[in-house]
Amino acid sequence: MKIYQKKILIKPKSRGAHIITNKVTDNLSEIKLIDKGLLYLYLEHTSASLTINENTDLKVRKDLENFLDNIAPENEPYFTHTCEGPDDMPAHIKSSLLGNNLTIPITNGILGLGKWQGIFFFEHRNIPRERIITA
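Residues numbered from 1 in each chain as written. Predicted model: local features only at pLDDT ≥ 70, side-chain atom pairs only at ≥ 80, totals over all residues. Heavy atoms only, no water.

Student: How would you summarise the packing of aromatic side chains if you had to cite specific residues and measurements?
Tutor: All chains considered together, the criterion is met by one aromatic pair. On the basis of an interplanar angle of 70° and a centroid distance of 5.0 Å, the ring pair of Tyr78 and Phe79 is categorised as edge-to-face. (Phe/Tyr/Trp six-rings, centres within 6.5 Å; stacked < 30°, edge-to-face > 60°.)

Below is the structure:
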């Protein structure tokens, strides 16, 4: 059994959902060498997240962002963790809800994503930051 590990740098992106499926596959040429296996992605941050969702209709991304903003809005008076601004605690809540890791099957050198699925990086902070994914 072979195990490969790499870091994928996500350059600062605006708040919201960003499809990164091609970025992941472009940075992991080893996927083509794997007959059967798993790709594990781990985002090394607590105010961003990873998710798999619909990859064709842009409205899905915006609706997800709107829903998350509704359940974890900024400037709630009961948030005490606000040292980095009003988006600080809401970003942590959103990250906890969506998660920071994914496991995707690999079959015959191809990611086992469904026809309409894509890998998304979700930035929850207002000020873009560089992020790192360990694959």
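Student: Provide a residue-level description of the pattern of salt bridges, including the pertinent values.
Tutor: What the rule picks out here adds up to 12 salt bridges. Note that Lys6 and Glu30 form a salt bridge whose closest N and O atoms lie 3.1 Å from each other. Residue Lys6 is found in the segment before β1 (7-10), and its partner Glu30 is found in the loop between α1 (21-27) and β3 (36-43); the two are separated by 24 residues along the sequence. Judged by relative accessible area, Lys6 falls into the partly exposed class, the value being 31%. Note that Arg129 and Glu84 form a salt bridge whose closest N and O atoms lie 3.4 Å from each other. Here the residue Arg129 occupies a position in the loop between β7 (117-123) and β8 (131-134), and Glu84 occupies one in the loop between α2 (58-71) and α3 (88-98), the gap between them amounting to 45 residues. Taking relative accessible area as the criterion, Glu84 reaches 48% and is therefore assigned partly exposed. Linked through salt bridges whose partners overlap, the residues forming this network are Arg15, Glu65, Asp69, Glu74 and Lys94. (Salt bridge = Lys/Arg side-chain N within 4 Å of Asp/Glu carboxyl O. Helix = DSSP H or I, 4+ residues; strand = E, 2+ residues; numbered from the N terminus. Buried < 20%, exposed > 50% of the residue type's maximum accessible area, 1.4 Å probe, protein only.)

Student: Which residues make up unusual backbone geometry, and what values go with them?
Tutor: Even without being glycine, Asn75 reaches a positive phi, approximately 65°. Relative to the elements of secondary structure, Asn75 occurs in the loop between α2 and α3. Non-glycine residue Asn108 carries a positive phi angle of around 55°. Counting through the fold element by element, Asn108 comes out in the loop between β5 (101-107) and β6 (110-111). Given a relative accessible area of 58%, Asn108 falls into the exposed group.

Student: Could you give an account of the nonpolar core, with specific residues and numbers?
Tutor: Core analysis: the largest hydrophobic core is formed by 20 residues, its most contacted members being Ile20, Val24, Leu39, Leu41, Leu50, Ile119 and Ile133. Secondary-structure elements contributing two or more residues to this core are β1, β3, β4 (48-54), β5 and β7. When residues no more than four places from it in sequence are discounted, the contact partners of Leu50 are Ile20, Leu41, Leu43, Leu98, Gly99, Asn100, Asn101, Leu102, Phe120, Phe121 and Ile133. (Core = buried A, V, L, I, M, F, W, Y, C linked by side-chain atoms within 4.5 Å. Contact = heavy atoms within 4.5 Å.)

Student: Please provide a residue-by-residue account of the sheet that holds β4, values included.
Tutor: Sheet strands line up and pair through hydrogen bonds in the backbone, either parallel or antiparallel. Across the sheet, three strands lie side by side as β2-β7-β4; this open sheet has antiparallel pairing. Every other strand in the sheet has two partners, leaving β2 (16-19) and β4 as the edge strands with one partner each. On average, each strand axis in the sheet is inclined to that of its neighbour by 35°, with strand direction left out of account. Contacting β2, β4 and β7, α2 crosses the sheet at an angle of about 40° to β7. This element, α3, spans β4 and β7 of the sheet and lies at about 45° to β4. (Pairing = 2+ DSSP bridges. Axes fitted to C-alpha atoms, helices over the stretch in contact; angles between N-to-C directions.)

Student: Provide a residue-level description of the sheet that holds β1, including the pertinent values.
Tutor: Read across the sheet, five strands follow the order β1-β8-β3-β5-β6 without closing on themselves; strand pairing throughout is antiparallel. Each of the sheet's edge strands pairs with one partner strand only, and the pair in question is β1 and β6.

Student: Would you mind going over the packing of α2 against α3 in detail, with residue names and values included?
Tutor: Their axes nearest at 10 Å, the elements α2 and α3 cross at an angle of 120°. The angle between α2 and α3 places the two elements in the oblique class. When you trace α2 past α3, the crossing you get is right-handed. On α3, the residues touching Leu68, Asp69 and Ile71 of α2 are Lys94, Leu97 and Leu98. (Parallel < 35°, antiparallel > 145°, perpendicular 65-115°, else oblique. Left-handed = near helix turned anticlockwise from the far one by under 90°.)

Everything listed is a geometric property; what it means functionally is a separate question.
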